[in-house]
Amino acid sequence: MSIMNNIFKSVKKAQLTIVLLLAVISQIVQAQNLTISQLIKNPHIITHSPIIIGDTALFIFKGDSLTRKVSWAGDFNGWNPKENGWQGWAIKNTHFWYLAKRFPSNARFDYKIVVDDQWIKDPLNDAVQLSGWDYNSVIAMKDYLFPEETKVRPEVDYGSLSMPITISSTKENLGYNVKYQVWTPPQYSIDKLYPAIYVLDGQDYVDQEKGAFITIIGNLIHDKKVAPAIVIFIDPRNPNNSQENRRMSEYAANPKFTGFLCDELVPFIDKTYATLTNPQSRALCGTSMGGWCSAFTGIQRPDVFGKLILHSPAFNENLINLYQESPVKEVAIWITTGTFFDTQERALKLKNILQSKGYKYSYNEANEGHSWGLWRSQIAAPLIYFFGL
């Protein structure tokens, strides 16, 4: 048994953070051949945070003489720095603050440090994830598996992404212009027919720092894990004003958006590109509100979309009741959700309904939160599930 395990077994749970901190400091001192006093006088020696030992993460922040309070907020606590137990402890006679927390061994989270009410990235952590608003720091526990399929590889042909295209929706549906982009796979030919994948919040899924969708599907096609497909990335932002994002109205079980999607955009794509036109060759993918929209569209229009990919779907009880009360539709559904302050509760309800009614489905959970770090790692699996070779 290691010295660290002996230390943990010898102390009460309430003493864990102090013991862990001392153990880490002891390791640094021994490695650097220093004394404790030298470490305290030279805080630059601690160069990385968090420090992970077993299932425990030790967060460390180096403040200054003006620092009065430090806390941590992220996927792990619903981004609430005021939640009990997430406030840092100051080490007397130093500028160090620390917090120790236990997590599942394969967990991964976005987070920030809140210093005197100012939210900042962890200055001792270079790992970051772009969110919908800003970059966050990232903690990954020792058994977390990084999604290698998100890495660009020099030998892979990543197909072709069109310039943004605008389509005008009729007044019976949205009554305004919608922007989208079309990705065609390597060696695309009009002499072949391809499955079509429609992706909501397409501007985020196509972003290499968020969804990395093109990189992922390109790698999977190159490795002969999935069939070549055409991907349509739909952007909910106003084409004339990118600051106006219409996703909250479009994606909240909006029949007008469903009408636009199924009766306007899909027919136009089918006329313009070499697509397979049966519902089982057509998928709809979305995250959060986009997951809600995908689930709603699938139950309303299985004649158009036969496959659904739901990333942390943020639907309400009405959507769950719709699946419960409707006859079984010919749609297959892939669901993923985080287990920390994500959509797990309602996703589980939908999963249980799908199971009881005999739908083809796959339900997946990860020890993460509502983050692109989760969703980008859960793109390859549904593509293989639906279009695997």
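Fair warning: this is a prediction, and the values are worked out from it, not measured in the lab. (Residues numbered from 1 in each chain as written. Predicted model: local features only at pLDDT ≥ 70, side-chain atom pairs only at ≥ 80, totals over all residues. Heavy atoms only, no water.)

Considerations on the overall build of the protein
Inference 1: Looking only at helices and strands, one finds twelve helices and 20 strands in the protein.
Inference 2: Residues counted as buried form 53% of the 389 residues belonging to the protein.
Inference 3: Long-range pairs, those at least 24 residues apart, make up 71% of the contacts in the protein between residues at least 6 apart in sequence.
Inference 4: For the protein, the accessible surface area stands at approximately 18,100 Å², while carbon and sulfur atoms represent 52% of it. (Helix = DSSP H or I, 4+ residues; strand = E, 2+ residues; numbered from the N terminus. Buried < 20%, exposed > 50% of the residue type's maximum accessible area, 1.4 Å probe, protein only. Contact = heavy atoms within 4.5 Å. Areas by Shrake-Rupley, 256 points an atom, 1.4 Å probe, with all protein chains shown as cover.)

Topic: the nonpolar core
Inference 1: Tyr198, Ile232, Leu265, Phe305 and Tyr323 are the most contacted members of the largest nonpolar core, which has 46 residues in total.
Inference 2: By residue number, the principal contributor to this core is helix 7 (residues 255-272), which donates seven residues.
Inference 3: Filtering out sequence-adjacent residues up to four positions away, Leu265 remains in contact with Ile167, Tyr180, Tyr198, Ile232, Ile234 and Phe260.
Inference 4: Grouped together as the second largest cluster of nonpolar side chains are 31 residues, Trp183, Ile217, Ile221 and Phe387 included. (Core = buried A, V, L, I, M, F, W, Y, C linked by side-chain atoms within 4.5 Å.)

What about unusual backbone geometry?
Inference 1: Cis geometry marks the peptide bond from Ser49 to Pro50, where omega comes out at 0 degrees.
Inference 2: Mapped onto the elements of the fold, Pro50 is located in the loop between helix 3 (36-41) and strand 1 (51-53).
Inference 3: Positive phi outside glycine occurs at Ser288, with the angle close to 60 degrees.
Inference 4: On the secondary structure map, Ser288 appears in the loop between strand 17 (282-287) and helix 8 (289-300).

Digging into the packing of aromatic side chains
Inference 1: For the structure on display, the rule yields 22 aromatic pairs.
Inference 2: For the ring pair Tyr205 and Phe213, a centre distance of 6.1 Å and an interplane angle of 75 degrees mean the geometry is edge-to-face. The residues Tyr205 and Phe213 share a single accessibility class, namely buried.
Inference 3: An aromatic cluster is built from Phe59, Trp72, Phe76, Trp86, Phe103, Phe109, Tyr111 and Phe340, whose rings are joined through pairwise contacts.
Inference 4: We note Lys360 situated over the ring of Tyr385; from NZ or CZ to the ring centre the distance is 5.2 Å. (Phe/Tyr/Trp six-rings, centres within 6.5 Å; stacked < 30°, edge-to-face > 60°. Lys NZ or Arg CZ within 6 Å of the ring centre and 35° of its normal.)

What to know about the side chain of Lys179
Inference 1: Relative to the helices and strands, Lys179 resides in strand 12 (residues 177-184).
Inference 2: Residues contacting Lys179, with those up to four places away along its chain left out, are Pro164, Ile165, Thr166, Phe233, Ile234, Asp235, Arg237 and Pro239.

A look at the environment of Asp263
Inference 1: Structurally, the position occupied by Asp263 is in helix 7.
Inference 2: With near-sequence residues (within four places) excluded, Asp263 lies in contact with Thr258 and Arg301.
Inference 3: Among the polar contacts listed, one links the side chain of Asp263 to the side chain of Arg301, at a separation of 3.1 Å. (Polar contact = N/O pair within 3.5 Å; in protein donor to acceptor, adjacent residues only side chain to side chain.)

Looking at helix 8
Inference 1: An ideal rise of 1.5 Å per residue puts 16 Å on twelve residues; helix 8 measures up with 16 Å between its terminal C-alpha atoms.
Inference 2: Counting buried positions along helix 8 yields eleven of twelve residues, so the element is predominantly enclosed.
Inference 3: Those residues of helix 8 not exposed but buried are Met289, Gly290, Gly291, Trp292, Cys293, Ser294, Ala295, Phe296, Thr297, Gly298 and Ile299.
Inference 4: Looking at the buried side of helix 8, the elements it contacts are helix 6 (247-250), helix 7, strand 17, strand 18 (307-311) and helix 9 (317-325). (Expected span 1.5 Å × (residues − 1).)

Here we look at the sheet that holds strand 5 (residues 96-102)
Inference 1: Taking strand neighbours across the sheet as the criterion, the four strands line up as 1-2-5-4 in an open arrangement whose pairing is antiparallel. The strands lining the two open edges of the sheet, one partner per strand, are strand 1 and strand 4 (89-90).
Inference 2: In the sheet, strand 4 pairs with strand 5 via two bridges, with the strands oriented antiparallel. Along strand 5, the bridge assignment pairs Trp89 with Tyr98. (Pairing = 2+ DSSP bridges.)

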